[in-house]
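Results of the structural survey
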Amino acid sequence: MQAPMTPNVADHAETLSLSVQGMTCASCVARVERALRTVPGVTQAVVNLATERVQVTTTGPTDLGPLVAAINHAGYEVAAEPVDLVIEGMTCASCVARVERALKAVPGVQLAAVNLATERATVSGAADIGLLVKAVKDAGYDAHQAQRSVIGDPEAEARKADEQAHLRRDLVLAAGLSLPVFVLEMGAHLFPPVHHLIAQTIGMQASWLVQFLLTTLVLIGPGRRFYRTGYPALWRAAPDMNSLVAVGTTAAYGYSLVATFAPGLLPPGTVNVYYEAAAVIVTLILMGRFLEARAKGRTSGAIQRLIGLQPRTAQVQCDGQTVEVPIAEVRPGDTVEVRPGERVPVDGVVTAGESWVDESMISGEPVPVAKTVGAQVTGGTINQTGALTMQATAVGEATMLAQIIRMVEAAQGGKLPIQALVDRITLWFVPVVMGLAALTFAVWLIFGPSPALGLAMVNAVAVLIIACPCAMGLATPTSIMVGTGRGAELGVLFRKGEALQALQGVTVVALDKTGTLTEGKPVMTDLVLAPGFDRADVLARLAAVEAKSEHPIAAAIVAAAATEGLVLPAVTDFNSTTGLGVVATVGGRRVQIGADRYMAQLGLDVTAFEAEAVRLGDEGKSPLYAAIDDRLAAILAVADPVKATTPGAIQALHALGLKVVMVTGDNARTAQAIAGPLQIDDVVAEVLPADKVTAIKRLKALGKVAYVGDGINDAPALAEADVGIAVGTGTDIAIDAADVVLMSGRLTAIPDAIALSRATMRNIRQNLFWAFIYNAALIPVAAGALYPAYGLLMSPVFAAAAMALSSVFVLGNALRLRRFQPSFNQGSQP
């Protein structure tokens with residue numbers, strides 16, 4: 001991590017905790033401690049090699065930059081660790097911007113992203129957690145570090161349930177108290193008989209006293225939450241939604257108090273009460289908050305369903321007996337029994353038994369998979385028919401289920417580039433609204449008809465209430481949460497939320513051939529010998545060399561030798577040249593295997609096999625050559641069958657208007673033989689792994705490129721593409737380099753992912769359009785813009801209802817993504 005460009009200075013002495021990478025021994029510890037003690041202001045530096053952390057104690061103001069620079073100069077690196085915080089008390093987009101600004105001001109913070117829908121903040125850098133929490137609290141909110149566990153965050157779930165219960169209770173209480181106020185005041189205005197009835201029975205003054213009493217109970221009871229946070233935010237010159245509600249209802253309530261108990265202070269003709277506005281505004285906004293809380297709970301439903309897949313206990317063999325133990329106590333290497341109908345508790349390898357396992361929660365494929373001895377099984381999947389005994393290989397946070405949950409959480413907590421504009425606007429939105437409310441009050445007071453004071457107050461309150469930017473803050477994160485959650489259910493994992501926005505703009509999809517378009521399990525189909533060579537001898541030597549290689553083609557040659565019952569001789573001096581071939585000494589003879597370009601590099605002429613090579617290429621087979629003792633010995637062919645889902649996936653990509661390109665190391669003839677029947681638009685053939693990045697760069701001239709691959713040699717290309725899509729059956733390195741992971745080898749998941757991306761971005765644009773247009777259109781209406789022409793004014797009560805409904809609309813629109821059904825699954829829908 002580089003030192004910050006702008007110095008971050010702590011305002012008092014403190015202890016900082018930094019994570020240091022690269023330390024390997026005690027001398028490293030001494031070197032780091034010595035380097036830190038040379039920094040002015042540092043009184044103590046204590047390094048823990050086991051945890052790779054250093055505690056730095058300072059006196060006086062401390063600039064983190066020199067600390068980081070000192071560690072870097074000593075040859076080590078300060079890790080930029082992401083920290084997740086739970087933020088309590090945020091209500092709108094301006095709260096998000098305010099918390100982010102507070103976090104970014106903390107020494108050591110590189111990046112801070114706050115998500116209103118998840119109520120989480122993700123902070124990258126080397127800042128102390130205590131300082132982060134303090135910064136959030138100083139900004140007027142509560143914070144604590146989020147728990148990271150495969151079984152979820154029980155504390156967070158309990159807090160959300162408690163919040164919903166409190167909101168429900170306060171809403172019922174506020175509604176019960178506000179209803180009589182609304183009937184007494186608005187009933188008298190709208191229905192003359194009600195007015196006459198009140199006047200002839202209790203009288204208008206008594207009616208006002210009853211309204212005063214009930215409204216006061218609403219404001220000091222269910223409504224106090226707005227004042228407890230709204231006014232402190234106002235005093236800090238950082239008003240939020242609560243400030244708007246607090247100021248608006250206080251104005252209506254205060255004016256009514258004067259009209260009730262000191263009417264002589266008001267100009268003639270302005271003695272009116274607006275208790276119903278204050279009470280009903282609080283009730284309606286509480287209703288909106290309650291509906292938001294319920295809807296936000298549903299947006300994270302995918303995460304909860306994933307967490308629910310984790311069994312709580314496991315049947316572990318111990319001293320000859322099977323004991324049920326909590327899942328947290330299972331350790332790698334334990335022998336675990338899985339009975340029919342049970343969920344597999346952890347990741348592992350089958351050691352005994354046969355069964356069919358439902359893996360739809362990972363792959364999105366409903367068809368069960370056969371499992372026998374040696375097969376990999378994944379925690380959370382469902383064992384169906386037979387009993388299995390397995391050895392645990394990954395438990396807890398290391399399981400695939402835990403990794404999936406972390407990926408989904410990371411994507412849901414991410415921010416799309418489109419959100420940057422929203423953040424810049426909402427940071428200043430509330431102060432601007434308060435200014436507009438003040439301007440509205442002044443204009444009506446000076447230029448308005450009688451009673452000018454009352455109309456000025458009512459319209460100013462309407463402006464304050466109508467403009468709460470809740471919908472703006474929820475527009476993007478709720479759609480991301482639902483979209484990425486739906487993707488996880490379909491076997492499509494967005495490792496980064498940004499991939500959602502990038503994927504919808506892709507115009508070119510480039511696909512690796514082996515293991516992506518094809519099964520990745522080739523078989524040897526042909527072996528044609530040069531004169532003077534024996535088949536069994538050549539095949540045995542070739543298989544002996546390829547047994548040292550991990551390439552899928554090598555496995556096909558070894559399998560062919562095993563099928564013919566050949567004994568493989570000893571191998572020495574094995575060497576592999578990536579993308580070209582392999583060489584080794586077998587039984588005292590030098591054996592070289594590779595493509596035609598490798599033979600050319602060795603100075604061997606392959607024209608003797610030209611006719612065979614043409615034939616094999618036309619059949620879509622990959623020809624290879626073998627040389628023994630620098631003599632061309634044979635041409636062999638390996639065929640890799642195309643996946644059953646590949647043709648449908650290509651058709652679906654074309655239906656989406658995308659150009660499809662195959663990138664392969666095969667020669668052009670073989671590549672075209674495969675691409676032709678699949679109707680692939682273009683082929684980039686004979687590409688070495690190192691050249692795949694160059695090929696992706698060239699394709700970028702055609703538009704945004706998504707690259708799909710599964711192997712180690714695909715990792716650079718996945719990183720270079722605008723969007724990297726890794727087939728989840730591939731290697732960890734490929735998956736780590738990708739933006740999107742397909743949990744199964746089903747290629748129809750590619751158009752599914754693109755269609756979901758487009759649907760999510762369309763949903764986000766709809767939400768943002770509604771949120772901004774709603775405010776742009778209704779603020780002038782609330783200010784009284786229609787009054788001169790039509791004599792229409794917006795009651796603060798209707799303003800509160802419209803504000804609450806705007807947030808509910810945005811959440812409801814986002815939840816529609818839960819019903820997203822891809823058109824290209826061809827029956828593989830979960």
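Residues numbered from 1 in each chain as written. Predicted model: local features only at pLDDT ≥ 70, side-chain atom pairs only at ≥ 80, totals over all residues. Heavy atoms only, no water.

For the record, the criterion: UniProt positions are given in the numbering used here, feature names are shortened, and annotations may be inferred rather than shown by experiment.
Per an unreviewed UniProt entry, the protein goes by P-type Cu(+) transporter and derives from Tabrizicola piscis. According to the UniProt record, the Sequence similarities (unreviewed entry) comment for the protein reads "Belongs to the cation transport ATPase (P-type) (TC 3.A.3) family. Type IB subfamily." Recorded in UniProt for the protein, the comment headed Subcellular location (unreviewed entry) runs: "Cell membrane".

Focus: the UniProt feature "transmembrane region" (unreviewed entry) in the protein
Selection rule: Helix and strand definitions follow DSSP, with helices as H or I runs of at least four residues and strands as E runs of at least two, each counted in order from the N terminus.
Here the UniProt feature "transmembrane region" (unreviewed entry) sits at residues 171-191, 197-220, 241-261, 273-291, 425-447, 453-476, 768-787 and 793-815. Secondary structure within residues 241-261 divides into 100% helix and 0% strand; the distance between the first and last C-alpha atoms comes to 30 Å. Secondary structure content for residues 273-291 is 89% helix and 0% strand, while the C-alpha to C-alpha distance between its ends is 30 Å.

So, the confidence of the model for the protein
Put simply, the test is: pLDDT runs from 0 to 100 and stands for how confident the predictor is about each residue. Any two residues whose heavy atoms approach within 4.5 Å are treated as being in contact.
Of the residues in the protein, 83% have a pLDDT of 70 or more, and the chain-wide mean is 81. Long-range and interchain partners of residues 1-11, a stretch whose pLDDT sits below 50, account for 27 contacts in this model, where long-range means more than four residues apart. Counted against residues more than four places away or in other chains, residues 825-830, with its pLDDT under 50, gives 22 contacts.

Observations concerning a nonpolar patch on the surface
Defined as follows: Two distance rules govern patches: like charges are joined within 9 Å, and nonpolar side chains (Val, Leu, Ile, Met, Phe, Trp, Tyr) within 5 Å, applied only to residues with over 30% relative accessible area and no salt bridge. Here, Shrake-Rupley sampling with a 1.4 Å probe gives the accessible areas, and only protein chains in the shown set may cover a residue. Counted as salt bridges are all cases of a side-chain nitrogen of Lys or Arg within 4 Å of a carboxyl oxygen of Asp or Glu. Categorising residues by exposure relies on relative accessible area from a 1.4 Å probe, with only protein chains included: less than 20% of the type maximum marks a residue as buried, more than 50% marks it as exposed, and the intermediate range marks it as partly exposed.
Side chains of Trp428, Val432, Leu436, Leu439, Val443, Leu445, Ile446 and Phe447 sit close together on the surface and give an oily, nonpolar patch of about 830 Å² of accessible area. The exposure class of Val432 is partly exposed, given its relative accessible area of 48%.

What to know about the environment of Cys92
Take Cys92: it is sitting in the loop between strand E5 (83-88) and helix H3 (93-104). Each C-alpha atom, one on Cys92 and one on Asn242, is 8.8 Å from the other, the two residues being 150 residues apart in sequence.

Concerning the sheet that holds strand E19 (residues 508-512)
Definition in use: Two strands are counted as paired when DSSP detects at least two bridges linking them. For helices, the axis comes from a line fit to the C-alpha atoms of the stretch in contact; other axes are also lines fit to C-alpha atoms, and the angle between any two N-to-C directions lies between 0 and 180 degrees.
Spatially, the seven strands line up as an open sheet ordered E18-E30-E29-E28-E19-E26-E27, and their pairing is mixed. Looking at strand neighbours, the two that pair on one side only are strand E18 (492-494) and strand E27 (682-684), the edges of this open sheet. Across the sheet, the axes of successive neighbouring strands diverge by a mean angle of 20°, strand direction being ignored.

Points about the sheet that holds strand E12 (residues 347-352)
In spatial order, the strands read E10-E9-E11-E17-E12-E15; together these six strands make up an open sheet with antiparallel pairing. Looking at the sheet topology across the chains shown, the edges are occupied by strand E10 (321-326) and strand E15 (376-377). Bridge count for E12 against strand E17 (residues 388-394) is five bridges, and the pairing is antiparallel. In the sheet register, Ala352 faces E17, and the bridge partner there is Thr389.

Considering the environment of Thr335
Within the secondary structure, Thr335 is located in strand E11 (residues 335-338). Thr335 sits 55 residues away from Met390 along the chain, and the two C-alpha atoms are 5.7 Å apart. If we skip the residues at most four places from it in the chain, Thr335 touches Gln315, Val316, Gln317, Thr389 and Met390.

Here's the deal with the packing of aromatic side chains
What counts is decided by this rule: Working definition: a ring pair exists when centres of Phe, Tyr or Trp rings (six-membered ring for Trp) sit within 6.5 Å. Plane angles under 30 degrees give stacked, over 60 give edge-to-face, the rest tilted.
Overall, the coordinates contain eight aromatic pairs when judged by the stated rule. Between the aromatic rings of Phe212 and Phe261, the centroid separation amounts to 5.1 Å while the plane-to-plane angle is 80°, which identifies the pairing as edge-to-face. Here the residue Phe212 occupies a position in helix H7 (residues 204-220), and Phe261 occupies one in helix H9 (residues 241-261), the gap between them amounting to 49 residues. Residue classification places Phe261 among the partly exposed residues on the basis of a relative accessible area of 48%. Centroid distance Trp770 to Phe809: 4.6 Å. Interplanar angle 40°. Geometry classified as tilted. Pair noted here: Trp770 is in helix H28 (residues 749-783) and Phe809 is in helix H30 (residues 796-815), with a separation of 39 residues, a long-range link. Note on Trp770: relative accessible area 33%, which makes it partly exposed.

A look at the nonpolar core
Our working definition: By nonpolar core we mean a set of buried residues, namely Ala, Val, Leu, Ile, Met, Phe, Trp, Tyr and Cys, connected to one another through side-chain atoms within 4.5 Å.
Formed by 158 residues in total, the largest nonpolar core has its most connected members in Leu103 and Ile750. Broken down by element, the residue count for this core peaks at 14 residues, all from H28. Beyond its immediate stretch of four places on either side in the chain, Ile750 contacts Val509, Leu511, Leu653, Val708, Ile725 and Leu742. Among the nonpolar cores identified, the runner-up in size contains 42 residues, and Ala556, Ala561, Tyr598 and Phe609 belong to it.

A closer look at unusual backbone geometry
Residue Pro451 follows Ser450 across a cis peptide bond; omega there is -5°. Looking at the secondary structure, you find Pro451 in the loop between helix H14 (418-447) and helix H15 (452-466). Of note in this structure, Asp319 is not a glycine but carries a positive phi near 55°. Along the polypeptide, Asp319 turns up in the loop between strand E9 (313-318) and E10. Not every positive phi belongs to a glycine, and Asp629 is a case in point at roughly 55°. With respect to the helices, strands and loops of the structure, Asp629 is situated in the loop between strand E24 (622-628) and strand E25 (631-639). For Asp629, a relative accessible area of 36% corresponds to the partly exposed category.

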